[in-house]
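Next come the chains, spelled out residue by residue.
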Amino acid sequence: MTSDLVLTGISKRFGAQNAVQQIDLTVPAGAFFALLGPSGCGKTTTLRMIAGLEEPSTGTIRLGEQEITGLRPYKRPVNTVFQNYALFPHLDIFENVAFGLRRRGVKDFKPKVTEMLDLVELGAFGKRRPAQLSGGQQQRVALARALINQPQVLLLDEPLGALDLKLRRQMQIELKRIQTEVGITFVHVTHDQEEAMTMADTIAVMNGGAIEQLGTPAELYDLPATTFVANFLGQSNLLRATIIGRAEQNLIVDVQGRKVTVPLPRCRVTEGDVWMGIRPEKVFLSRAGTEQSNGVNQLRGAVVTDVSYVGVSTQYLVKLSWDQELTVFEQNTGARGTLAVGDQVDLHWQPAHTFVLDAQQDALAGVEDIDDSGGAG
C-alpha cells in the first residue's frame, strides 16, 4: 500500500542561506511526480529531506498517517536512486539486486530478485558485473535494487544525467513503464524540462527555494503563471503590452498600437501593463498582406531576419516594426514553402493560445537557466 506524501511548511537553511522556503506540497499516492528547476533552486535539498539525508529547519513530512520527519533514512519506507548508481563493483548483478533482502535476513529472495531483473529487462544479465554493463543497464540495476525493498516512495535524483541523449530518451520511456507497472510513488528531481514533461504526471517548478508553479505538463506549458515558468519550460515570446478594455469574456490588449484579444481565464492580471506571451510553435507566418484576420490575432509588417532548418521544423527569427525579435517554429509538413531572410511577413495566432503575465516580473527570468547542466539544487 502507498500513501500520499505530504510536506507541510518545510524549509531548510544552511547558515544565512535559505535553500528551501516554506514548501507545502502533496504528492498523491502512486503518482510520477517531478521536482524541476535549475541548479541551486532547492529541488535536491527537498529530495534529501524526504530521504532523511537532511533535517528540515522547519516543517513536517508525512506518509499517510505516519510522520517520518525525524526518522533515520533506513527506517523510512523510502528508497533513493542516485545519478552515480552506487552499485557494488565486486558483486554480480543478481547479488547487487539481492543485497537489500539479504541484509534484512530474507531467506527465499531468489524468486523476488528474478522478478525484479525481469521487470527491468535484465533477466539474462544476472551473472555479469556492473563494469560489464552499459550506463543504461547499470541504471536499471540500481532501479531494481531500490524497488526490491518495496518502498512506498522511490526518490530519483537526476537518475539519467550521466547518459547520452539517445539513451536518456529510451530510459525516460522505460522509467515511466516501470512506474506504471509497480504503482509506487516516484519523486524525480531533474533540471531537464523535456525529461520532466515526458515522464511526470505532475511537475513542481522550483525557483529560489520555492515552488513557482505546480501542475500537469500541459497546464504548465500552455498557461504558465510566471515569466520564469514561461521561459524555463520551453521558449516563449513575451511582448510588452497594456490592457485597455474588455469584450465579453476577453480582454483587449494594446501591443505597440496593435489590438489583440486574450481570453480572461488566460490572464494572470487584468489591468495595467503586462507581458503578453505566445509560444513559438503557435504562431503562423504569412507573406505580408496575403491573409485576412478571420478572428485571429495579428501583428503585421514584420521582417524575417534568420532562418534555421532543423529537420522536423524550420525556426524563424522575425523582427517587428519596433525592432523586437520573435521566434517562430513551423513544422516542415511540405504544405507550404519556406520563407527567406528579408521577406516581409505578418504573424497570426489564436487568441486561445495567448497568455498574459504581470509586467513587474523579469521578462528574462528562467532564460539563462535553460542550458543549465544541473548539479546540487
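Residues numbered from 1 in each chain as written. Predicted model: local features only at pLDDT ≥ 70, side-chain atom pairs only at ≥ 80, totals over all residues. Heavy atoms only, no water.

Student: Just to check I follow, could you spell out the sheet that holds strand β7 (residues 153-157) for this structure?
Tutor: Pairing is mixed across the open sheet formed by 6 strands, whose spatial order is β6-β7-β8-β3-β9-β10. Looking along the sheet, the strands with just one partner apiece sit at the ends: β6 (78-81) and β10 (210-215). Across the sheet, the mean angle separating the axes of adjacent strands is 20° when strand polarity is ignored. In this structure, strand β9 (residues 202-207) lies alongside β10, joined through 5 bridges in antiparallel fashion. In the sheet register, N207 faces β10, and the bridge partner there is A210. Against the sheet, helix α4 (residues 135-147) contacts β6, β7 and β8 (185-190), and its axis sits at roughly 170° relative to β6. (Pairing = 2+ DSSP bridges. Helix = DSSP H or I, 4+ residues; strand = E, 2+ residues; numbered from the N terminus. Axes fitted to C-alpha atoms, helices over the stretch in contact; angles between N-to-C directions. Contact = heavy atoms within 4.5 Å.)

Student: Would you explain unusual backbone geometry in this entry?
Tutor: Only a minority of non-glycine residues have a phi that is not negative, and only a minority of peptide bonds are not trans. We note that E121 has phi near 60°; this positive angle belongs to a residue other than glycine. Relative to the elements of secondary structure, E121 occurs in the loop between α3 (110-119) and α4. Residue classification places E121 among the partly exposed residues on the basis of a relative accessible area of 44%. One non-glycine residue, D323, adopts positive backbone phi at about 80°. Mapped onto the elements, D323 comes out in the loop between β17 (313-319) and β18 (325-331). Using a relative accessible area of 57% as the deciding quantity, one classes D323 as exposed. (Buried < 20%, exposed > 50% of the residue type's maximum accessible area, 1.4 Å probe, protein only.)

Student: Sorry if this is basic, but what is going on with the nonpolar core here?
Tutor: If you look at the biggest cluster of nonpolar residues, it comprises 47 residues, and the most contacted ones within it are L147 and L154. Element by element, the count of residues in this core is highest for α4, at 6 residues. Two domains each put at least three residues into this core: domain 1 (5-222) and domain 2 (227-375). Leave out the neighbours within four places in its chain, and L154 touches N79, V81, L143, A146, L147, I184, T185, F186 and V187. Listed in part, the 28 residues of the second largest apolar core include V260, L320, L347 and W349. (Core = buried A, V, L, I, M, F, W, Y, C linked by side-chain atoms within 4.5 Å. Domains from an automatic or database assignment.)

Student: Whenever I open this one, the packing of α4 against helix α5 (residues 165-182) confuses me. Can you help?
Tutor: Think of two packed helices as two axes; the pair is described by the angle between the axes and how far apart they sit. Between α4 and α5, the shortest axis-to-axis distance is 11 Å and the interhelical angle comes to 20°. Comparing the axis directions of α4 and α5 gives the class roughly parallel. At the point where α4 passes α5, the crossing takes the right-handed sense. Contact residues: α4 offers G136, Q139, R140, L143 and L147, while α5 offers L167, M171, E174, L175, I178 and V182. Of the residues in the contact of α4 with α5, the class split is 7 nonpolar, 2 polar and 2 charged. (Parallel < 35°, antiparallel > 145°, perpendicular 65-115°, else oblique. Left-handed = near helix turned anticlockwise from the far one by under 90°. Nonpolar A, V, L, I, M, F, W, Y, C, P; charged D, E, K, R; others polar.)

Student: It is not clear to me how the side chain of T69 should be interpreted in this structure. Could you clarify?
Tutor: For T69, the position within the fold is in the loop between β5 (66-67) and β6. By relative accessible area, T69 is classed as buried at 15%. One polar contact links T69 to E67, side chain to side chain, over a distance of 3.1 Å. Setting aside its immediate chain neighbours within four residues, T69 contacts P56, G59, T60, I61 and R76. (Polar contact = N/O pair within 3.5 Å; in protein donor to acceptor, adjacent residues only side chain to side chain.)

Student: I keep staring at the domain arrangement of the chain and nothing clicks. Help me out?
Tutor: Much of the literature gives interface size as the accessible area that the parts lose upon coming together. You can read the domains of the chain as domain 1 (5-222) and domain 2 (227-375). Each of domain 1 and domain 2 has a C-alpha centre, and the two are 37 Å apart. At the interface, 17 residues of domain 1 touch 16 residues of domain 2. Together, the buried faces of domain 1 and domain 2 total about 1500 Å²; carbon and sulfur atoms form 58% of this surface. The largest per-residue losses of area from domain 1 upon contact with domain 2 belong to H191, Q193 and Y221, which jointly make up 38% of the total buried on that side. For the pair domain 1 and domain 2, the interface holds 0 salt bridges. Our enumeration of links across domain 1 and domain 2 arrives at 3 residue pairs in polar contact (both at pLDDT 80 or more). Tallied by class, the residues present in the side of domain 1 that touches domain 2 amount to 7 nonpolar, 7 polar and 3 charged. (Buried area = accessible area lost by both parts, 1.4 Å probe. Salt bridge = Lys/Arg side-chain N within 4 Å of Asp/Glu carboxyl O.)

Student: Please explain the sheet that holds β5 as it appears in this structure.
Tutor: Within a beta sheet, neighbouring strands are joined by backbone hydrogen bonds and run either parallel or antiparallel to one another. Sheet architecture is open: 4 strands sit in the order β2-β1-β4-β5, paired in antiparallel fashion. Single-partner strands in this sheet number two, and they are β2 (17-27) and β5. Summarising the sheet, strand β1 (residues 5-14) and β2 pair through 7 bridges and their orientation is antiparallel. Within β2, the position partnered with R13 by the bridge is N18. In this fold helix α1 (residues 43-51) packs onto β1, β2 and β4 (58-63), with an angle of close to 115° to the strand it touches most, β1.

Student: Can you walk me through the pairing of strand β19 (residues 344-349) in this structure?
Tutor: Moving residue by residue along a regular strand, the side chains alternate between the two faces of the sheet. Along β19, 5 of the 6 residues are buried, which leaves the element largely enclosed by surrounding structure. By the bridge criterion, 4 bridges tie strand β15 (residues 284-287) to β19 in an arrangement that is antiparallel. Of the residues in β19, the one forming a bridge with S286 is D346.

Student: Even after reading the chapter, I still don't get the UniProt feature "domain: ABC transporter" (unreviewed entry) in the chain, so can you show me in this structure?
Tutor: According to UniProt, the feature "domain: ABC transporter" (unreviewed entry) maps to residues 5-233 in the numbering used here. Across residues 5-233, the secondary structure splits into 35% helix and 27% strand, with the terminal C-alpha atoms separated by 25 Å. (UniProt positions renumbered as here; feature names shortened; annotations may be inferred.)

Student: I keep staring at the packing of helix α2 (residues 93-103) against α3 and nothing clicks. Help me out?
Tutor: Running from N to C, α2 and α3 cross one another at 120°; their axes reach a closest spacing of 10 Å. Overall, the two elements α2 and α3 adopt an arrangement that is oblique. Where α2 crosses over α3, the two elements pack in a sense that is right-handed. Residue-level contacts link I93, F94, V97, A98 and L101 of α2 to K110, K112, V113, T114, M116 and L117 of α3. Of the residues belonging to the contact of α2 with α3, the class tally is 8 nonpolar, 1 polar and 2 charged.

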